[in-house]
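# Chain and residue survey
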Amino acid sequence: MRVKGTEVGTSTDAQGKYTLSVPGATSVLAVSFVGYTTQEITVAAKTVINISLEPANASLQEVVVTGYTSQKKESLTAAISSVTSKDIDRVHAGANVSTTLAGKIPGVSFKAAEGRPGASAAISIRNYGPALFVIDGIQQDEGQFNNLAPGDIETITVLKDASASIYGVRAANGVVVVTTKRGKLNEKASLNFDFYTGWQNWTRFPDVLTNSYDYMKYRAEAEVNLTGTTSITPAELEKYKQGTEYGYQSFNWKDFIIKGNAPITNISANSSGGSDKTNYYFSATHVFQNSVLGREFLFKRTNIQSNIESKITDRVKVGVMINGRIETRDNPGVPGQDDYGNAKFAILRNTPLERPFANDNPEYINDIKHNETNWGYLTLKNAGHYREDWRVLQTNFTLDYQIPGIKGLTARGKYSYYLADQLLNNHEYTYKTYTYDPAADTYAATGGSTNPWRERRQRKVINTTLQGLLEYNNTFGKHTINAFLVAERLKNTDLNNWVHAVPTTNVLPLIYFPTVDTYDDLQTDLNRVGYAARVSYNYGNKYYFEGSARRDASSLFAPSARVGYFPSGSVGYRITEEKFIKNLLGDKSVLNDLKLRASYGVLGDDRVALDYFAYIPGYLYNQGTNILDGNAIVGSKDKGAPITNVSWTRSKILDIGIDYSMFNNKLTGAIEYHNRRRTGLLYPRYDVLVPTELGYGLPSENLNSDQVRGFEFSANYTNKFGELAYAIGGNVGYARNTDLTVYKEVFNNSLDRYMNGKTNRYSQRYPGYEVLGQFQTQEEINNYPVNIDGKGNSTLLPGDLIIKDNNGDGRIDEYDRRTIGFSNTGLPLINFGFSITLNYKGFNLAADFSGGAGYTWLQNWETRWPFQNDGNFNTIFEDRWHREDPYDVNSAWIPGKYPALRFNRGGDSNNNNSTADGGRVGTGNNTFFTHNVKYLRARTIELGYSLPKKLLDKLNVKSCRVFVNGYNLFSIDNLSSYGIDPEVNDDNGLQYPQTKIVNVGMKLSL
């Protein structure tokens, strides 16, 4: 305790007793203790003063990094949430930062549709769209964020409302602010190691048949159902059942392709500490991740981080932050856009009748006629080699100067240089495939590829940022003011060249000029300049006000349209600090803290579909071919009308929130309502016509608008029961988009308006047909009054779907469609998560769960109709309507889940509502094959043990913790029966799913 405003003070003894001489009756005692709220008492005429301190709400004292500066959590008046290194460190989910955030932050939508090595999750703040990422004060892209080493991150803060307007340009979708770790002054040096290794397996993937007998049995049934006959005889089936004769054997492609327990390893080392003037943090991290598809598909990355800050004088502090990485994707060079695609497709495309090698001889690739899916060919030796390397370096230089003469006034400068270098090399070989002749014991080359592919991409991304900031922070009695001015200049240069060649051999990887047929070269430059100011005022930690404004200019737009102004304001009221509320609640109130807050602001975004320098007239070179004197001449064309009236999209965001703390600060949380209205979305004036002879149309303009509304709720409870400490927390968020205005919508009729109208309608809507049930008998089909298949129901069989005739015209066509689902590729409208942590002596158990709802998965292609593309048979169709005797068309029908099999028949009424000859009647999707997903997933379950201090002291070790960790161990959802991961987007089920990982590891500190 001390006398406020003086150096007079003392401390209590073990019993809390004290003696202190004070200057006079007006003196104020300031009494503090770690973990308790500081109290101030006026002495007056009292000679004995007994003081009881109340436990402090530690979470309110946390410092949160916001726009350019930091604030105590208790003073926040905006929708700002954060996670710390403690939350991130226990997630061992692969290589990317985004995978650590699932379910941890209210209002952050999450979906990890892709699980291949090095893949990242899709995250969005309140379903607004792509967020802005700020790393150590510098604006960066999502790729730089995802490829930080998670162990180097101290905090991740999410600005969800108008508070993001301080970043102006590109902040309309929210801002993710990342702060990396730093050492502390006067901290003893420490050396820390973190190591884990794990085993990966797919969560789910469609299952297929693995033996020829079952395949041919179901194929015969499907052919009879389709045409009434089949060439597959019972005698033939018996040979497949025996599986001994040549040509009647079976092959298990799934086991051949998928290699379970794919390894993943992460090792990192860091050192931190500080003297009285300098603090530092150094780290190096290496992650290696193999693919479940085989050891030749891999990802690896090495990160370094170096943060140093030093006081040169009492007023001058300098800092240098360096972040670098080298990341590599390496795999066979496979034809097509996705090198993982054919490997996944092979599982459902290749049948048990086919084999990878002719006569099972690995020297001869078997000609299966669709050789691009032959896993025997898709190797580094046979297919080719793809390798992509990124070498990235970000350096930040900072200078802080405390200006003399004005208390709390600081000038700060920052310069950042970012360089990303991409080198991609891909060589796809020519190859031969063979057919074996058992009679002659010879191999004949009957297929393959004579079309090699060689490409190289070299790309350099150079970003520079220059910041100057003047900050004032001071307290006058009960008045606290924080204000700053910042000027910022950002420059982005992207150099990109791509060359394609047709090599003459598989042996030489070099590209020679005579073999080159394409060379593309591209350079883009984007400059932005911003000026921002913010003032925060706090009276007695009770009333809060904050106002900010930013002016931005972007070179993407014409000079007359490139400047935008983005103001915002927020207020907060800690009503529990009012004396009358304290008296009303009493000393034993369950309510410890209640803050009401609201914010409103205008934010901008220049990420619009606009070409660089679109406002300047000119020509597009190397476009269009003309024949002159018998020669093909590549020319140029007019780039179109200059676009001078397109500018920012503008977002107006309202947020109303309540922060609460109850039961001696054991229960904390927040409740939010948010509403974003966005104007200036690009759309063309289709009703203004220009002559076709011009060769181009009118550009889009800032015409449309939309809205996102939603709510969030979070609650966290911490307590102790004896030596057991525990914490339980959860959050839920809902956000959905509505199209407000769409330029001059035109409709053919009222149904067209209902199905396709956008104005004042939810945007996440999916159309399709309603299924009433399934036909039970042929007689029911014959008597059914509605023409479902377009041929008087002559193609229907018992078990086929009964489609609802919504308009009552006696036939099924596009006019019978209704809204049956949400977006089939977007993020969930509802996101939620909860976590549990238990600590008992040296043991700790932590579990994180997350989930989502309000999005749709379409069951299509290989997951909708059997033998799609003449491929293998998805085992979900084993539960189907079928005849008791598949060879007897008059035998009794046995009910099942799915309609009767047809061989590779996507054009029947069950699948596409098409006529039997393939002509379209409708668009096909229906409620039987459309699934509105709901899931809850165990993201992380970790059990750890910290070795006792007595043992560690003998070993001269500061701390040591061992753990076993599971990621994605299980999911409770409505897609499990289809063999589909609930976060997959692809409607054929062939997306690389997430992996479930079991890790063991150790954290060691010396």
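Residues numbered from 1 in each chain as written. Predicted model: local features only at pLDDT ≥ 70, side-chain atom pairs only at ≥ 80, totals over all residues. Heavy atoms only, no water.

Attention now goes to the overall build of the protein. Looking only at helices and strands, the protein has 11 helices and 46 strands in total. In terms of overall dimensions, the protein is globule-like: its C-alpha atoms have a radius of gyration of 33 Å, near the 30 Å expected for 1006 residues. Counting only C-alpha atoms and orienting by the principal axes, one finds that the protein spans roughly 110 × 75 × 65 Å. Burial status across the protein gives 51% buried among its 1006 residues. At a minimum sequence separation of 6, the contacts of the protein that also span at least 24 residues come to 69%. (Helix = DSSP H or I, 4+ residues; strand = E, 2+ residues; numbered from the N terminus. Rg over C-alpha atoms; globule rule 2.2 N^0.38 Å. Buried < 20%, exposed > 50% of the residue type's maximum accessible area, 1.4 Å probe, protein only. Contact = heavy atoms within 4.5 Å.)

Taken as a whole, the protein shows an average pLDDT of 90; of its residues, 96% reach a score of 70 or greater. Throughout residues 913-923 the model reports pLDDT below 50, and contacts reaching past four residues in sequence, or to other chains, amount to 40 contacts. (pLDDT = per-residue confidence, 0-100.)

All right, on to the pattern of salt bridges then. On inspection of all chains with the given rule, the structure shows 51 salt bridges. Between K1003 and D194 there is a salt bridge, with its nearest N and O atoms 2.6 Å apart. Placement of K1003 in strand 46 (residues 995-1005) and of D194 in strand 13 (residues 190-202) is noted, with a sequence separation of 809 residues between them. Taking the relative accessible area as the measure of exposure, D194 reaches 17% and is therefore buried. A salt bridge links R355 to D360, with the shortest nitrogen-to-oxygen separation between them at 2.8 Å. R355 sits in the buried class, given a relative accessible area of 18%. (Salt bridge = Lys/Arg side-chain N within 4 Å of Asp/Glu carboxyl O.)

Before going further, it helps to spend a moment on the sheet that holds strand 12 (residues 175-180). Reading across from one edge, 6-11-12-9-10 is the order of the 5 strands in this open sheet, with mixed pairing throughout. Each edge of the open sheet carries a strand with a single partner, namely strand 6 (80-84) and strand 10 (138-140). Taking the axes of each pair of neighbouring strands and ignoring which way they run, one obtains an average angle of 25 degrees across the sheet. Summarising the sheet, strand 9 (residues 132-135) and strand 10 pair through 3 bridges and their orientation is antiparallel. Its bridge partner lying in strand 10, I135 is registered against I138. (Pairing = 2+ DSSP bridges. Axes fitted to C-alpha atoms, helices over the stretch in contact; angles between N-to-C directions.)

Packing of helix 4 (residues 212-227) against helix 5 (residues 234-242) brings their axes to within 7 Å, and their N-to-C directions diverge by 155 degrees. Taken together, the axes of helix 4 and helix 5 are roughly antiparallel relative to one another. Here helix 4 contributes S212, Y213, M216 and K217 to the contact with helix 5, which in turn contributes L237, Y240 and K241. (Parallel < 35°, antiparallel > 145°, perpendicular 65-115°, else oblique.)

This part covers the pairing of strand 46. Across 11 bridges, the pairing between strand 13 and strand 46 is antiparallel. Note that in strand 46 the partner of W199 across the bridge is V998. Pairing between strand 44 (residues 959-967) and strand 46: 9 bridges, direction antiparallel. Its bridge partner being in strand 46, V962 is matched across the sheet by M1002.

For Y978, the location among the structural elements is in the loop between strand 45 (971-973) and strand 46. Overall, the relative accessible area of 10% leaves Y978 in the buried class. Expressed as a C-alpha distance, the spacing of Y978 and T863, which sit 115 residues apart in the sequence, is 7.8 Å. Not counting the four nearest positions on each side in its chain, Y978 is found in contact with W857, Q859, I876, K897, Y898 and H931. For Y978, the side chain forms a polar contact with the side chain of K897, separated by 3.5 Å. (Polar contact = N/O pair within 3.5 Å; in protein donor to acceptor, adjacent residues only side chain to side chain.)

Attention now moves to the nonpolar core. I788, I803, F867, F873 and Y898 are the most contacted members of the largest nonpolar core, which has 38 residues in total. For this core, the secondary structure elements donating two or more residues are helix 4, helix 5, strand 37 (801-803), strand 40 (843-858) and strand 43 (930-946). It is helix 4 that contributes the most residues to this core, 5 residues altogether. If you look at the next biggest cluster of nonpolar residues, it comprises 25 residues, including V208, I257, F297 and L348. (Core = buried A, V, L, I, M, F, W, Y, C linked by side-chain atoms within 4.5 Å.)

Another point: the sheet that holds strand 1 (residues 2-3). In space, the 3 strands of this open sheet follow the order 1-2-3, with antiparallel pairing throughout. Across the chains shown, the open sheet's two edge strands, defined by having one partner strand only, are strand 1 and strand 3 (39-42). In this structure, strand 2 (residues 28-31) lies alongside strand 3, joined through 4 bridges in antiparallel fashion. Paired with V28 across the bridge in strand 3 is T42.

Before going further, it helps to examine the packing of aromatic side chains. For the structure on display, the rule yields 43 aromatic pairs. Measuring from ring centre to ring centre gives 5.7 Å for Y340 and Y992, while their planes differ by 80 degrees; the resulting arrangement is edge-to-face. Of this pair, Y340 sits in the loop between strand 17 (316-332) and helix 7 (341-349) while Y992 sits in the loop between strand 45 and strand 46, and the two are 652 residues apart along the sequence. Like Y992, Y340 is buried. Three or more aromatic residues joined by ring pairs make a cluster, and in this case those are Y215, Y218, F867, F873, F877, Y898, F903, F928 and F929. Over the aromatic face of Y544 sits the side chain of K595, whose NZ or CZ is 5.9 Å from the ring centroid. Lying over the aromatic face of Y762, R736 brings its terminal NZ or CZ to 3.9 Å of the ring centre. (Phe/Tyr/Trp six-rings, centres within 6.5 Å; stacked < 30°, edge-to-face > 60°. Lys NZ or Arg CZ within 6 Å of the ring centre and 35° of its normal.)

In this sheet, strand 31 (residues 667-683) lies alongside strand 30 (residues 649-662) in antiparallel orientation, the contact comprising 13 bridges. Within strand 31, the position partnered with D659 by the bridge is A670. Direction of pairing for strand 31 relative to strand 32 (residues 701-721): antiparallel, over a ladder of 16 bridges. Residue pairing in the sheet places L681 in a bridge with N704 of strand 32.

The subject of this paragraph is the side chain of S85. Examined against the element boundaries, S85 turns out to sit in helix 2 (residues 85-89). Discounting chain neighbours no more than four positions away, the residues touching S85 are I153, E154 and K181.

On the secondary structure map, E62 appears in the loop between helix 1 (58-61) and strand 4 (63-65). In this structure the C-alpha to C-alpha distance between E62 and E74, which are 12 residues apart in sequence, comes to 8.0 Å. Once you skip the residues sitting within four places of it in the chain, E62 turns out to touch Q71, K72 and K73.

Generally, phi is negative for residues other than glycine and the peptide bonds are trans, each holding for most cases. The backbone phi angle of D629 is positive, close to 55 degrees, even though this residue is not glycine. Within the secondary structure, D629 sits in the loop between strand 28 (619-628) and strand 29 (631-638). Even without glycine at this site, N664 takes up a positive phi of about 60 degrees. Relative to the helices and strands, N664 is located in the loop between strand 30 and strand 31.

So, on to the environment of P993. Structurally, the position occupied by P993 is in the loop between strand 45 and strand 46. Residue classification places P993 among the buried positions, given a relative accessible area of 1%. Residues in contact with P993, not counting those within four places in the same chain, are G115, W202, T203, R204, F205, D981 and V984.

When you tally the buried positions in helix 7, you get 9 out of 9 residues, the bulk of the element. Burial in helix 7 covers these residues: G341, N342, A343, K344, F345, A346, I347, L348 and R349. Where the residues of helix 7 are buried, they touch strand 13 and helix 6 (253-257).

Our next topic: the side chain of N482. Relative to the assigned elements, N482 resides in strand 23 (residues 479-501). With a relative accessible area of 11%, N482 lands in the buried category. Reaching out from N482, the side chain makes a polar contact with the side chain of E471 at a distance of 3.0 Å. In contact with N482, not counting residues within four places along its chain, are E471, Y472, N473, R534, V535 and S536.

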